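Observations on the three-dimensional arrangement
Below are the chains, spelled out letter by letter.
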Amino acid sequence: HNAAHYTVWHVRRECLWALASNDASILTDELRYSAEVARENPKNYQIWYHRRALVEKIGQAAAADELALISTALRDDAKNYHAWSNRLWVLKTYGGWAGELEFCTALLDADVYNNSAWNHLYQVKAQLGCDPVEEVRSTLERLNHARENES
């Protein structure tokens with residue numbers, strides 16, 4: 001199957017929405033199926049968009065599992081743009097910011113050059129209302145350990 005075929009995912013969602021009106025468990029079954037597809041195709045935009053639509057339809061009950069799947073995807077490839085984008089959407093939509101500072105810190109400890117983690121850290125700190133002066137100090141301290149980084 002071609003996981004990048006947008007039209008197929010769109011038609012699939014339309015069918016799922018119609019079927020879910022009689023049986024909402026169809027959506028959780030689809031989340032399980034699409035998690036397998038996401039693990040096989042982690043950089044595929046269409047699968048992340050499909051999952052976002054499912055989580056949006058299911059609501060808060062799906063948020064924690066979605067964050068767990070995204071964490072797994074980012075452990076495999078910490079610079080996966082679509083996974084990061086979906087993570088930020090879940091957090092902004094359903095909350096769950098607790099632990100995000102530690103999540104970003106762990107990724108930056110593993111790779112200080114991970115600009116995706118830096119960008120997410122900025123979003124997290126903005127959401128949590130961190131002190132800008134302390135943020136600059138903390139960032140400079142971390143970068144001091146990577147003087148050869150030109151970015």
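Below is a short write-up of the structure. (Residues numbered from 1 in each chain as written. Predicted model: local features only at pLDDT ≥ 70, side-chain atom pairs only at ≥ 80, totals over all residues. Heavy atoms only, no water.)

Here we come to the nonpolar core. In this structure, Trp48 and Val90 are the most contacted members of the largest nonpolar core, which totals 39 residues. The set of elements that each furnish at least two residues to this core consists of helix 1 (6–20), helix 2 (25–40), helix 3 (45–58), helix 4 (63–76), helix 5 (81–94), helix 6 (100–110) and helix 7 (115–128). Per-element tally for this core: the top contributor is helix 5, with seven residues. Residues in contact with Val90, not counting those within four places in the same chain, are Ala63, Glu66, Leu67, Ile70 and Gly95. (Core = buried A, V, L, I, M, F, W, Y, C linked by side-chain atoms within 4.5 Å. Buried < 20%, exposed > 50% of the residue type's maximum accessible area, 1.4 Å probe, protein only. Helix = DSSP H or I, 4+ residues; strand = E, 2+ residues; numbered from the N terminus. Contact = heavy atoms within 4.5 Å.)

The next point concerns the pattern of salt bridges. Once the charged atoms of two side chains with opposite charge are near each other, the side chains can pair. Scanning all chains against the criterion turns up ten salt bridges. The partner of Asp77 in a salt bridge is Lys43, with the nearest N and O atoms 2.9 Å apart. You can see Asp77 sitting in the loop between helix 4 and helix 5 and its partner Lys43 sitting in the loop between helix 2 and helix 3, a full 34 residues away along the chain. The exposed category is assigned to Lys43, whose relative accessible area is 54%. For Arg137, the salt bridge is made with Glu141, and the minimal N-O distance between the two is 2.6 Å. Here Arg137 and its partner Glu141 are both found in helix 8 (residues 132–144), four residues apart, which amounts to about one turn of the helix. Taken together, the shared-partner salt bridges in this structure form one network comprising Glu134, Arg137 and Glu141. (Salt bridge = Lys/Arg side-chain N within 4 Å of Asp/Glu carboxyl O.)

Our focus in this paragraph is a nonpolar patch on the surface. Taken together, Tyr6, Tyr45 and Tyr49 make up a surface patch of nonpolar side chains, about 300 Å² in accessible area. Along the chain, Tyr6 turns up in helix 1. (Patch = residues over 30% accessible without salt bridge, like charges linked within 9 Å, V, L, I, M, F, W, Y side chains within 5 Å. Areas by Shrake-Rupley, 256 points an atom, 1.4 Å probe, with all protein chains shown as cover.)

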